[in-house]
Amino acid sequence: MSNHDAGFHWWQTGVFYQIYPRSFQDSNGDGIGDLPGVLARLDYLKETLGVDAIWLSPFYPSPMADFGYDIADYCDVDPMFGDLAAFDRLVTEAHSRGIKVIVDYVPNHTSDRHAWFIESRASRDNPKRDWYIWRDPKPDGSPPNNWGGFFGGPAWTLDKATGQYYLHQFVPEQPELNWRNPEVVKAMLDVLRFWMARGVDGFRMDVVGLLIKDAELRDNPPNPNAPPDLPANDIFGRQLHTYNEDQEEVHDLIRQIRQTLDEHPETCGIGELWGDLSRWVKYYGENGDELQLPFNFRLMGQPWTAEAMRRSVDDLEAALPPFGWPNYVLGNHDQIRLATRFGGQPQARVAAMLLLTLRGTPTVYYGDELGLENGVIPPEKIQDPQGINLGAHRTRDVSRTPMQWENIPQAGFSSAEPWLPVSADYASRNVATQLADPGSMLNLYRRLLTTRRSMAALRRGSYQPVDTVPAGVFAYLRADAGERVLVALNFTGKPCRLSLPDLGQGRVVVATHLTRDGAVDLGDMTLDAHEGLVIAL
Ligand code: NOJ
Ligand code: CA
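Rules behind the numbers
- Residues numbered from 1 in each chain as written.
- Chains lettered and ligands numbered in written order.
- Predicted model: local features only at pLDDT ≥ 70, side-chain atom pairs only at ≥ 80, totals over all residues.
- Heavy atoms only, no water.
- Near = heavy atom within 4 Å.
- Polar contact = N/O pair within 3.5 Å; in protein donor to acceptor, adjacent residues only side chain to side chain.
- Areas by Shrake-Rupley, 256 points an atom, 1.4 Å probe, with all protein chains shown as cover.
- Nonpolar A, V, L, I, M, F, W, Y, C, P; charged D, E, K, R; others polar.
- Helix = DSSP H or I, 4+ residues; strand = E, 2+ residues; numbered from the N terminus.
- Buried < 20%, exposed > 50% of the residue type's maximum accessible area, 1.4 Å probe, protein only.
- Donors = N, O, S within 2.8 Å, 3.2 Å for Na, K, Ca; no water.
- Lys, Arg positive; Asp, Glu negative; His and termini not counted.
- Salt bridge = Lys/Arg side-chain N within 4 Å of Asp/Glu carboxyl O.
- Contact = heavy atoms within 4.5 Å.

Participant: Teacher, can you tell me more about the site of ligand 1 here?
Facilitator: Looking at ligand 1, there are 14 residues lining it, with Asp66, His109, Asp206, His333 and Asp334 nearest. Between an oxygen atom of ligand 1 and a side-chain N or O atom of His109, the distance comes to 2.9 Å. Arg204 places a side-chain nitrogen or oxygen 3.0 Å from an oxygen atom of ligand 1. When ligand 1 is considered free in solution it has 300 Å² of accessible area, and contact with the protein chains removes 98% of it. Taken together, the residues of the shell around ligand 1 break down into four nonpolar, three polar and seven charged.

Here's what the structure looks like:
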């Protein structure tokens, strides 16, 4: 990262970009994105967009029961995505452009096709039996406890041959590793070492809050606030997750993971964590000895109001330990598209400005820089097990549609029919068209990213909310040494007058509509409907 950010780490001042490899760029005409495809788009990522790090969702050998989150070999590349040589080339080329590479680490479960599980299920006395979580049935033959899986159904499957159940909180093809077994811990830490030796700069760690389960695997209590309309098979949704998540002992493991990362200084650990603030904040470690960045998904759960967003940011800032660095996420491969969630393109522009001007590391999800909306997936084309098991309205396919590059067939993603349909809006919503349109969403992202690179106040400055603004506006100051910036975001569909005479005169450096710049009098100015401004003071 920039040398002028002395005292800061690359993962604090940089902007991350998540790539879902299946959906980014297909290089060999099979309709599925791959690593050479990502390689071919590095100039887009660096020169056109200007991000500092890419996170690649899993590209490891996998039967794809959960699209790569079911891993059959942690230390290889699925032929569908390329091979290790292609991965090495990608790392070398990314690094030569100053882009860091973050890979996905899926420690909680393997594929049922992983050699470890094949051995483990072979017999009760196999040396790897204890690498997974096996239990006898209850006397009546039912599963060992009442836990449900995230994608519906019970979290246990009976292996008839050996007469025991194994635990899987996702699909049955994702058996869960037993992290209470020291051999498992060693083998999984070695996976980190394997990828660090190949030059990766960080790991996004899947569901790390689940790594350790209650020692006695007690029943989860019912959730009194469960929505009444859950499908019958959604056992998980009807329970509180008292015994399967965020157990105290997990922190020992995260510390060991962090010590392993520290074998290659500056390697960043990012955790997928969903718990409430008080539990979540513990993953930074009591002394900063756990994760550098527990993912913060809170903004995604907020209604589109200035007040809710501000509260979420302020609560986070207040909960952070002194050494804790914030981060923000507005979209990923498990959530609906942000432009759909927040109500449309005008809101998505304000959301982009929010994400890229708050204090903390932003992660941009591929395609959000074009304002992609939820894909329309015909029922017979649903791929995602969550959509198949829990209903079409729950399918995550909607945010995994192919990246839209150009107004040509398949949007320039592939020469073949893609694994998920390209969205119908590709003819107008694509990289080439938006580059040529000065007012496009892509040009807004580019402008925000350039501005962030040029202003230390935005990259690393303090955050101070401004109280004296009308309802519907979220405004904050970012300051670093001599530099001060005001960000003012109108969350409403009506113009809002701002009067901040103490701030004097300012200069608009980015406007979400990309229609104005230049001097403004903070004592008397008006934000347009759905307008956000970054104003240098
Ligand atoms: C979280 C991942 O983001 C999601 O895509 C996956 O299905 C589950 N973890 C299980 O690995
Ligand atoms: Ca391909």
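Moving on from the coordinates now.
Participant: Is there a simple way to explain the environment of Ala161 in this structure?
Facilitator: Within the secondary structure layout, Ala161 lies in the loop between β5 (156-159) and β6 (164-167). Given the relative accessible area of 76%, Ala161 is considered exposed. For Ala161 and Arg124, which are 37 residues apart along the polypeptide, the C-alpha to C-alpha distance reads 9.7 Å.

Participant: What am I meant to see in the coordination of the calcium ion (ligand 2) here?
Facilitator: By definition of the ideal shapes, four donors in a tetrahedron about a metal sit 109.5 degrees apart, and six donors in an octahedron sit 90 or 180 degrees apart. Around the calcium ion (ligand 2), the protein supplies Asp26 (OD), Asn28 (OD1), Asp30 (OD), Ile32 (O) and Asp34 (OD) as donor atoms, at distances of 2.3 to 2.4 Å. Classification of Asp30 by relative accessible area gives partly exposed; the value is 36%.

Participant: I'm lost on the side chain of Asp78 in this one. Help?
Facilitator: For Asp78, the position within the fold is in the loop between β2 (53-56) and α4 (84-96). Of the buried charged residues, Asp78 lacks a salt bridge, with Arg22 as the closest side chain of opposite charge at 7.6 Å. Not counting residues within four places of it along the chain, the set of residues in contact with Asp78 comprises Phe59, Tyr60, Pro61, Ser62 and Met64.

Remember that the coordinates give geometry; whether it matters functionally is a separate question.
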